[in-house]
Amino acid sequence: MADGGGPGEAAAARPSPAPVPGLNPTLGWRERLRAGLAGTRASVWFVAGLGLLYALRIPLRLCENLAAVTVFLNSLTPKFYVALTGTSSLISGLIFVFEWWYFHKHGTSFIEQVSVSHLQPLMGGTESSISEPGSPSRNRESETSRQNLSECKVWRNPLNLFRGAEYRRYTWVTGKEPLTYYDMNLSAQDHQTFFTCDTDFLRPSDTVMQKAWRERNPPARIKAAYQALELNNDCATAYVLLAEEEATTIVDAEKLFKQALKAGETIYRQSQQCQHQSPQHEAQLRRDTNVLVYIKRRLAMCARKLGRIREAVKIMRDLMKEFPPLTMLNIHENLLESLLELQAYADVQAVLAKYDDISLPKSAAICYTAALLKTRTVSEKFSPETASRRGLSTAEINAVEAIHRAVEFNPHVPKYLLEMKSLILPPEHILKRGDSEAIAYAFFHLQHWKRIEGALNLLQCTWEGTFHHVSVYPKKELPLFIHFTAGFCSSTAMIAILTHQFPEIMGIFAKAVLGLWRPQPWASSGFEENTQDLKSEDLGLSSG
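Residues numbered from 1 in each chain as written. Predicted model: local features only at pLDDT ≥ 70, side-chain atom pairs only at ≥ 80, totals over all residues. Heavy atoms only, no water.

Would you mind showing me how to read the overall build of the protein chain here?
Check the secondary structure of the protein chain and you find 27 helices and two strands. Put simply, 71% of the contacts in the protein chain that link residues at least 6 apart link residues at least 24 apart. For the protein chain, the accessible area works out to roughly 31,300 Å², and carbon and sulfur atoms hold 60% of it. (Helix = DSSP H or I, 4+ residues; strand = E, 2+ residues; numbered from the N terminus. Contact = heavy atoms within 4.5 Å. Areas by Shrake-Rupley, 256 points an atom, 1.4 Å probe, with all protein chains shown as cover.)

Quick question: what am I supposed to make of the packing of aromatic side chains here?
Think of a pair of aromatic rings as described by two things: how far the centres are apart, and how the planes are tilted against each other in angle. Summed over the entire model, instances satisfying the criterion amount to ten aromatic pairs. Summarising the aromatic geometry, the rings of F98 and W101 are spaced 5.9 Å apart at their centres and angled 40° between planes, so their arrangement reads as tilted. Residue F98 and its partner W101 are both found in helix α4 (residues 78-106); the two are separated by three residues, about one turn of the helix. Relative to Y441, the ring of Y368 has its centre 5.5 Å away and its plane inclined at 40°; by these criteria the two rings are tilted. Here the residue Y368 occupies a position in helix α19 (residues 364-376), and Y441 occupies one in helix α23 (residues 435-451), the gap between them amounting to 73 residues. Residue classification places Y368 among the buried positions, given a relative accessible area of 1%. R298 extends its terminal NZ or CZ atom over the ring of F162, reaching a point 4.1 Å from the ring centre. In this structure, K432 packs its charged tip against the face of W155, placed 4.0 Å from the ring centre. (Phe/Tyr/Trp six-rings, centres within 6.5 Å; stacked < 30°, edge-to-face > 60°. Buried < 20%, exposed > 50% of the residue type's maximum accessible area, 1.4 Å probe, protein only. Lys NZ or Arg CZ within 6 Å of the ring centre and 35° of its normal.)

Help me understand helix α12 (residues 218-231) in this model?
Every α-helix carries 3.6 residues per turn, so stepping three or four residues along brings you back to the same face. Along its 14 residues, α12 runs 20 Å from first to last C-alpha, staying within 8% of the 20 Å computed at 1.5 Å per residue. Among all positions in α12, only R221, I222, A224, A225, A228 and L229 are buried. Each buried residue of α12 sits inside an arc of 160° when the element is viewed along its axis, so together they form one side. Facing away from the buried side of α12 by over 90 degrees, the exposed positions are P219, K223, E230 and L231. (Expected span 1.5 Å × (residues − 1). Arc of directions from axis to C-beta.)

Explanation requested: the pattern of salt bridges in the structure shown.
Here the idea is simple: oppositely charged side chains can pair when their charged atoms come close. According to the stated counting rule, one finds 18 salt bridges in the structure shown. A salt bridge links E341 to R451; the nearest nitrogen and oxygen atoms lie 3.3 Å apart. Here the residue E341 occupies a position in helix α17 (residues 331-342), and R451 occupies one in helix α23, the gap between them amounting to 110 residues. The class for E341 is partly exposed, based on a relative accessible area of 22%. According to the relative accessible area criterion, R451 is partly exposed, its value standing at 31%. Among the ionic contacts, a cluster of salt bridges with common partners joins R163, R221, E245 and E428. (Salt bridge = Lys/Arg side-chain N within 4 Å of Asp/Glu carboxyl O.)

How do you make sense of the packing of α19 against α23 when you look at a structure like this?
When two helices pack together, their arrangement is given by the angle between the helix axes and by the axis-to-axis distance. Between α19 and α23, the shortest axis-to-axis distance is 10 Å and the interhelical angle comes to 25°. Classified by the interaxial angle, the pair formed by α19 and α23 is roughly parallel. By crossing handedness, the relation of α19 to α23 is classed as right-handed. Residues A364, A365, Y368, T369 and L372 of α19 form the contact with α23, whose own contacting residues are E437, Y441, H445, H448 and W449. Split into classes, the residues belonging to the contact of α19 with α23 amount to six nonpolar, three polar and one charged. (Axes fitted to C-alpha atoms, helices over the stretch in contact; angles between N-to-C directions. Parallel < 35°, antiparallel > 145°, perpendicular 65-115°, else oblique. Left-handed = near helix turned anticlockwise from the far one by under 90°. Nonpolar A, V, L, I, M, F, W, Y, C, P; charged D, E, K, R; others polar.)

Looking at this structure, how should I read the side chain of K432?
Position of K432 among the secondary structure elements: in the loop between β2 (429-431) and α23. Put simply, K432 is tucked away with no salt bridge, and the nearest opposite charge, on E437, sits 5.1 Å away. (Lys, Arg positive; Asp, Glu negative; His and termini not counted.)

Sorry if this is basic, but what is going on with the nonpolar core here?
Counting residues in each nonpolar core, the largest one holds 92 residues, and the members touching the most others are M209, F257, I295, Y368, L417, Y441 and W449. By residue number, the principal contributor to this core is helix α15 (residues 279-305), which donates ten residues. Two domains share this core, each providing at least three of its residues, namely domain 1 (159-329) and domain 2 (348-473). Grouped together as the second largest cluster of nonpolar side chains are five residues, L159, L161, L179 and F444 included. (Core = buried A, V, L, I, M, F, W, Y, C linked by side-chain atoms within 4.5 Å. Domains from an automatic or database assignment.)

In this structure, what is going on with empty space enclosed by the protein? I would like to understand it.
One water molecule sets the probe size; rolling that probe over the atoms shows where empty space is left. Applying the stated criterion across every chain, the model contains four cavities of 30 Å³ or more. As a volume, the largest cavity reaches approximately 100 Å³. For the largest cavity, the lining is made up of 13 residues, of which N157, E333, A365, A440 and Y441 are closest to its centre. Breaking the lining of the largest cavity down by element, the ones donating at least two residues are α19 and α23. (1 Å grid on protein atoms, 1.4 Å probe; cavity = no way out; pocket = protein on both sides within 12 Å on 5 of 7 lines; lining within 4 Å. Points joined across faces, edges and corners; volume = space filled by probe spheres on them.)

What am I meant to see in a nonpolar patch on the surface here?
Taken together, the side chains of F98, W101, F110 and V114 present a nonpolar region at the surface, about 350 Å² in accessible area. Looking at the nonpolar patch, the elements with two or more residues in it are α4 and α5 (110-122). Of the residues examined, W101 reaches a relative accessible area of 45% and is grouped as partly exposed. (Patch = residues over 30% accessible without salt bridge, like charges linked within 9 Å, V, L, I, M, F, W, Y side chains within 5 Å.)

Explain α23 here, please?
Between its terminal C-alpha atoms α23 stretches 24 Å, which fits the 24 Å expected from 17 residues at 1.5 Å a residue. In the structure, α23 departs most strongly from a straight axis at H445, where the bend amounts to approximately 55°. Of all the 17 residues making up α23, twelve are buried; the element is thus mostly covered by neighbouring parts of the structure. Where α23 is concerned, the buried positions are S436, E437, A438, I439, A440, Y441, A442, F444, H445, L446, H448 and W449. (Bend = angle between axes of the 7 residues up to and from the residue.)

Sorry, what's going on with the packing of helix α13 (residues 236-245) against α15 here?
One way to put it is that α13 packs onto α15 with a least axis distance of 11 Å and a crossing angle of 35°. For the element pair α13 and α15, the recorded crossing hand is left-handed. Contact residues: A236, T237, V240 and E244 in α13; V291, Y294, I295 and R298 in α15.

Before we go on, may I ask you to explain the environment of M506 in this structure?
With respect to the element layout, M506 can be found in helix α26 (residues 503-516). Its relative accessible area of 17% is what places M506 among the buried residues. Between the C-alpha atom of M506 and that of I495, which follows or precedes it by eleven residues, the distance is 8.6 Å. In contact with M506, not counting residues within four places along its chain, are I495, L498 and T499.

I'm lost on the layout of surface pockets in this one. Help?
Considered as a void within the structure, the second largest pocket measures approximately 510 Å³ in volume. Around the second largest pocket, the lining is made up of 22 residues, and of these R163, M184, R216, P218 and R221 lie nearest the centre. Those elements that provide at least two residues to the lining of the second largest pocket are α9 (163-174), α10 (181-194), α11 (204-214) and α12. Tallying contributions element by element places α10 first for the lining of the second largest pocket, with seven residues. Tallied by class, the residues present in the lining of the second largest pocket amount to eight nonpolar, six polar and eight charged.

Here is the structure:
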């Protein structure tokens, strides 16, 4: 629910430029030595283990013990092997079922997760992964993490609804909560990140609000906001909390946000004058900037919801000009939706030309809005039968390619735009390229697709003809341990069945396998003598 963010946050989120070839610093001898030792650590441990085993072969009597084990295995009956393989098959089957359930619920393997978190530190993996702050490997890791930020991060929904005025209506009607605990917990973390700082103890009202953002109970948060206003009538964050959670209509929320704007601008000007005095004052300025940007953004959304769309567009444009670093917070997506409502398609194209850049994070709003603009030029006269006879024109090819690009980015959106899946209230946080982002996009943009005649028809034809039978992107490969447990369960079950049905043949096969790793001639004689003794005992028992 928190839409604001500091300039430092935005700067850190922006992908860094690609390194220029030839300018990478060469590794020193210490770095090369450390890398070589890290790569050979596993081999050294393996060789050391083999050497220790060879050195202790006589004290441990490994040869005699190996011969005794071989004799013991040969003396076992087929029933034992049936029980052994059957039990192994059952245990591996249970592990396989658990791994399959855990993978479908959490998207990862339980065994791999435990191995990485517990066994890797024992093997020295953490030491090799930790590098010095200025080392080239550390720089490459940070650059990679910044480049992958847009693909794996959970983002705040730029068009999230108001809790009191919109989400609560759903609760009143249905008696169900529209937001998950996980979603609300992320919002609470956003509030503490953007609306608090280290200097809150200097102002009693900010100290109260710092506790309010940590409260899980909405009535407790609202009560704390009123306490902050009693201490300071110009506490902007208190008005923000009341506008978000207590106001039952958009009109009431807008009134509270206007009061918050008046207080926020005053505090922001004071922070600007003191920003160079100390690092604490700089942190306070970042916090006050976040509060001011959040208030103006929500005021623009109030104006959009109340029908004053041109006023909303003006507020958003001024906000993007006044705080350029905060464009990474996807304010342009709010602007795109408002411009589409005005049917100002030329302005929409201008915004897309600025933000549909390879260096900026993509979103469903950008990809599908670009597809909508290209579809708009050809959708009215488009006919699948005509296109199949004469072929696609250049404009139609461009529209189809734009739809392809959008569907490849998020394949969940077409089902919501084509109303094949019912819409629900969008969450406060979305996962890029996921179902939550598709819900958030379709919830606000479905009306814009319906307004353009034939747009949904072209989308349906392109999607069904190309992507309808394609599995959802991106695919999740099954972990190695699921394949391993499935194969182990199947193989042991097959061995158990064969041993039970054909004990003699499987006994001969087992002896042949054991003969492959039977001890050397120094142990074979003892093994044969023991075997003859067992046979003679068996003959004596049978004759008796």
